[in-house]
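Descriptive structure summary
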Amino acid sequence: LMQCKEEAFNTRYTYLSIVNNFLNYLASLNVLQLNEVSQALLQQFLHFRRKKPYSAASVAVRVAALDRFFMWAYDQQYCYS
């Protein structure tokens, strides 16, 4: 049980880190509204890495984190689609 709680904390921390990086990425592009985020911009964030491409597992975690974030943003009415 303790290990499950620790894994959940690690997942939340990882997701938070990814979302923070995503928001910083949007700010660097001067994207100020979540409704301005295009599929191409999302793909660029999901796969962009300076040295070598992300592994499929890393991309899956990034997708899960952003999916959770956009579900929250939609529920909070920060975005509409």
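Only a predicted model underlies this, so the values are computations on that prediction, with no experimental measurement involved.

Digging into unusual backbone geometry
- Phi angles above zero are rare outside glycine, and asparagine 30 is one such case at about 60°.
- If you trace the backbone, asparagine 30 turns up in the loop between α1 (2–28) and α2 (39–47).
- Phi is positive for glutamine 77, which is not a glycine, with a value near 65°.
- Structurally, glutamine 77 is set in the segment after α3 (56–75).
- Looking at glutamine 77, the relative accessible area reads 58%, which means it is exposed.

Each value, and the rule that gives it
- Residues numbered from 1 in each chain as written.
- Predicted model: local features only at pLDDT ≥ 70, side-chain atom pairs only at ≥ 80, totals over all residues.
- Heavy atoms only, no water.
- Helix = DSSP H or I, 4+ residues; strand = E, 2+ residues; numbered from the N terminus.
- Buried < 20%, exposed > 50% of the residue type's maximum accessible area, 1.4 Å probe, protein only.

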